[in-house]
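Summary of structural features
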Amino acid sequence: MKTILFFTVLLFSASTGGVYAQQDFRQWAKTPPMGWNSWDAYGPTITEPEVKANADYMAAKLKPYGWEYVVVDIRWFVENDKAGGYNQTDPRYVLDEYGRYLPAVNRFPSAAGGKGFKPLADYVHGKGLKFGIHIMRGVPKEAVARKLPIKGTSVTADQIYTTAMQCEWLRDNYTVVADKPSAQEYYNSIMDLYASWGVDFIKIDDLSRPYHQAEIELIRKAIDRTGRPILLSTSPGETPVSKAEHVSNHANMWRMVDDVWDTWPHLTHLMKVAEPWYPYIKPGTWPDCDMIPLGRISIRGERGKDRQTRLTNDEQVSLMTFFTIFRSPLMFGGDLPSLDPFTASLLTNKAVLNMHRESTDVRQLFQQDGKVAVTSRNPKTGERYLAVFNLSESKEPVAVSVNLADLGIAKKATITNMWTGKPLQKAENTFSVTLPAHASGLYSIR
């Protein structure tokens with residue numbers, strides 16, 4: 001009788017989200033998430049066939065290496081958005097009767113008949129991958145103007161909003177006042193909808209600058225009660241380090257910087273901003289370097305024209321070296337079907353991705369005089385990892401040296417170049433490498 005009662009309670013709890021609510025959301029991202037995001041290539045104009053084409057490529061070519069998330073970025077609910085920015089003059093929004101955004105059917109035909117993103121999510125899941133979406137924080141302005149009801153309540157959207165702290169760069173939504181009656185129920189309603197579609201990942205924009213603590217807490221509760229393990233990514237802007245404990249208790253990943261595009265200063269700025277975040281690199285909660293702007297980008301993007309990344313080969317390797325040793329989530333921004341062999345090689349290096357997945361104790365040794373060194377270790381193999389960078393603009397190559405004692409190595413060491421797999425000469429006491437401007441090195445040291 002006790003056993004029957006236990007399973008009855010368990011089933012009831014599962015149906016209401018109670019079991020999942022007791023789980024630690026960190027368990028859903030024990031290693032840094034890896035996937036593709038539509039923003040860098042398609043801005044706010046991505047279509048269903050393009051999502052499927054990128055999912056097809058990932059399933060065929062990248063899934064064996066750990067790439068698994070397919071994320072539809074911003075404004076999938078606008079019928080007439082544009083490349084090179086946003087249509088904020090006369091956007092045609094698609095909402096349901098409860099003021100919740102729905103996919104624009106002219107861009108996502110399978111969403112017809114109120115199906116939402118479920119058919120597309122099913123397609124992605126059928127490939128053995130996971131499906132994600134982007135939203136803006138807050139409640140739609142149109143829902144407020146039309147006084148649409150919040151599902152399951154007698155409250156309408158115009159009773160939970162404020163114009164204070166409205167997003168400055170995109171005016172689709174208003175701020176939700178967290179302590180208003182049914183504010184939680186509003187977020188519950190949209191997360192319930194996304195869970196019913198089969199969403200596995202949600203990137204929520206305009207949460208970090210300023211830091212919208214109250215809305216983040218509403219979102220965390222809403223996700224947990226759905227009973228579905230949906231990863232939460234907060235974005236964009238420089239999340240305040242003063243909020244590190246709070247964000248790591250509520251999100252699986254959070255942006256440290258604004259959008260990282262394909263110019264060298266974007267990377268050097270990122271590496272500087274990342275300095276105080278090393279202690280917060282932990283399983284389940286990941287400081288986020290932003291998307292990877294490599295390959296073919298801006299096909300219909302927000303920044304610039306259709307192009308191959310403007311970063312040189314050395315700069316591309318430096319970007320991937322930093323993202324992987326820092327253990328950032330890896331969200332590739334380029335168009336996968338038109339991926340070139342060089343970029344593909346950066347996404348499929350088994351040794352580098354193994355480091356990204358398994359390493360611990362990531363720390364910066366120094367960042368000074370245009371030189372950077374970052375290290376970590378593999379607790380399974382005992383090897384140490386070392387990444388070194390020459391950030392200078394000098395036309396002459398620069399030597400970057402590291403004391404092996406700083407890596408915990410007291411004797412001679414065997415060193416392997418992780419990008420090429422080639423062994424180097426053994427080092428004793430000090431390891432030094434000469435790098436051209438903007439170049440890097442990534443090494444396994446035993």
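Residues numbered from 1 in each chain as written. Predicted model: local features only at pLDDT ≥ 70, side-chain atom pairs only at ≥ 80, totals over all residues. Heavy atoms only, no water.

**Overview of the confidence of the model for the protein**
Low pLDDT means the predicted atomic positions in that stretch should not be read closely. Per-residue confidence for the protein gives a mean pLDDT of 94; residues scoring 70 or more make up 95%. Scored below 50 in pLDDT, residues 1-21 makes 14 contacts in the model with residues more than four places away or belonging to other chains. (pLDDT = per-residue confidence, 0-100. Contact = heavy atoms within 4.5 Å.)

**Let's talk about the packing of aromatic side chains**
Per the counting criterion, the structure on display carries 21 aromatic pairs. Judged by centre distance (6.4 Å) and plane angle (35°), the rings of Phe-77 and Tyr-93 are tilted. With Phe-77 in the loop between β2 (69-72) and α5 (118-126) and Tyr-93 in the loop between β2 and α5, this pair connects stretches of sequence that are 16 residues apart. An identical accessibility class is assigned to Phe-77 and Tyr-93; each is buried. When its relative accessible area of 2% is taken as the criterion, Phe-77 is described as buried. A network of ring pairs unites the aromatic residues Trp-76, Phe-77, Tyr-93, Tyr-101, Phe-108, Phe-117, Phe-131, Tyr-194 and Trp-197 as a single cluster. A cation over an aromatic ring shows up here: Lys-52 above the ring of Tyr-123, its NZ or CZ 4.8 Å from the ring centre. (Phe/Tyr/Trp six-rings, centres within 6.5 Å; stacked < 30°, edge-to-face > 60°. Helix = DSSP H or I, 4+ residues; strand = E, 2+ residues; numbered from the N terminus. Buried < 20%, exposed > 50% of the residue type's maximum accessible area, 1.4 Å probe, protein only. Lys NZ or Arg CZ within 6 Å of the ring centre and 35° of its normal.)

**Re the sheet that holds strand β18 (residues 415-417)**
Within a sheet, each strand pairs with its neighbour through backbone hydrogen bonds, oriented either parallel or antiparallel. The five strands lie next to each other as β14-β15-β16-β20-β18, forming an open sheet whose pairing is antiparallel. Each edge of the sheet is formed by a strand with only one pairing partner; in this case those strands are β14 (360-368) and β18. Mean inter-strand twist for the sheet, computed between neighbouring axes without regard to direction, equals 20°. Taken together, the seven bridges between strand β15 (residues 371-377) and strand β16 (residues 384-390) define a ladder with antiparallel strand orientation. Considered in β16, the bridge of Arg-377 is made with Arg-384. Where helix α11 (residues 313-325) meets the sheet, its contacts fall on β14, β15, β16 and β20 (440-445), and the angle it forms with β16 comes to roughly 140°. (Pairing = 2+ DSSP bridges. Axes fitted to C-alpha atoms, helices over the stretch in contact; angles between N-to-C directions.)

**Looking at the pattern of salt bridges**
In a structure, side chains of opposite charge can pair up when their charged atoms sit close to one another. Throughout the structure, instances matching the rule amount to 28 salt bridges. Two residues, Glu-79 and Arg-92, come together in a salt bridge whose shortest N-O distance is 2.9 Å. Remark: Arg-92 occurs in the loop between β2 and α5 and Glu-79 occurs in the loop between β2 and α5; sequence separation between them is 13 residues. For Glu-79, a relative accessible area of 30% corresponds to the partly exposed category. Taking relative accessible area as the criterion, Arg-92 reaches 44% and is therefore assigned partly exposed. We note a salt bridge from Arg-377 to Asp-361, for which the minimum N-O separation is 2.5 Å. One end of the pair, Arg-377, is in strand β15; the other, Asp-361, is in strand β14, with 16 residues separating them in the sequence. Arg-377 sits in the partly exposed class, given a relative accessible area of 28%. (Salt bridge = Lys/Arg side-chain N within 4 Å of Asp/Glu carboxyl O.)

**Some words on the UniProt feature "domain: Alpha galactosidase C-terminal" (unreviewed entry) in the protein**
As annotated in UniProt, the feature "domain: Alpha galactosidase C-terminal" (unreviewed entry) corresponds to residues 369-444 in the numbering used here. Regarding residues 369-444, the helix share stands at 0% and the strand share at 45%, and the terminal C-alpha atoms are separated by 24 Å. (UniProt positions renumbered as here; feature names shortened; annotations may be inferred.)

**Some remarks on the domain arrangement of the protein**
Considered domain by domain, the protein is made up of domain 1 (25-358) and domain 2 (365-445). A C-alpha centroid distance of 33 Å is found between domain 1 and domain 2. Of the roughly 1900 Å² buried between domain 1 and domain 2, counting both surfaces, carbon and sulfur atoms make up 65%. Among the residues of domain 1 in contact with domain 2, Trp-264, Ile-325 and Glu-358 are the three that bury the most area, contributing 29% of the side total. Taken together, the connections running from domain 1 to domain 2 amount to one salt bridge. Close ionic contact of Lys-380 with Glu-358 constitutes a salt bridge, the shortest N to O distance being 3.5 Å. Viewed at the interface, domain 2 and domain 1 are joined by ten residue pairs in polar contact (both at pLDDT 80 or more). Looking at the side of domain 1 that touches domain 2, the elements with two or more residues in it are α10 (264-273), α11, α12 (341-347) and α13 (350-358). A per-element tally of the side of domain 1 that touches domain 2 places α11 first, with eight residues. Residue composition of the side of domain 1 that touches domain 2, by class: eleven nonpolar, six polar and five charged. (Domains from an automatic or database assignment. Buried area = accessible area lost by both parts, 1.4 Å probe. Polar contact = N/O pair within 3.5 Å; in protein donor to acceptor, adjacent residues only side chain to side chain. Nonpolar A, V, L, I, M, F, W, Y, C, P; charged D, E, K, R; others polar.)

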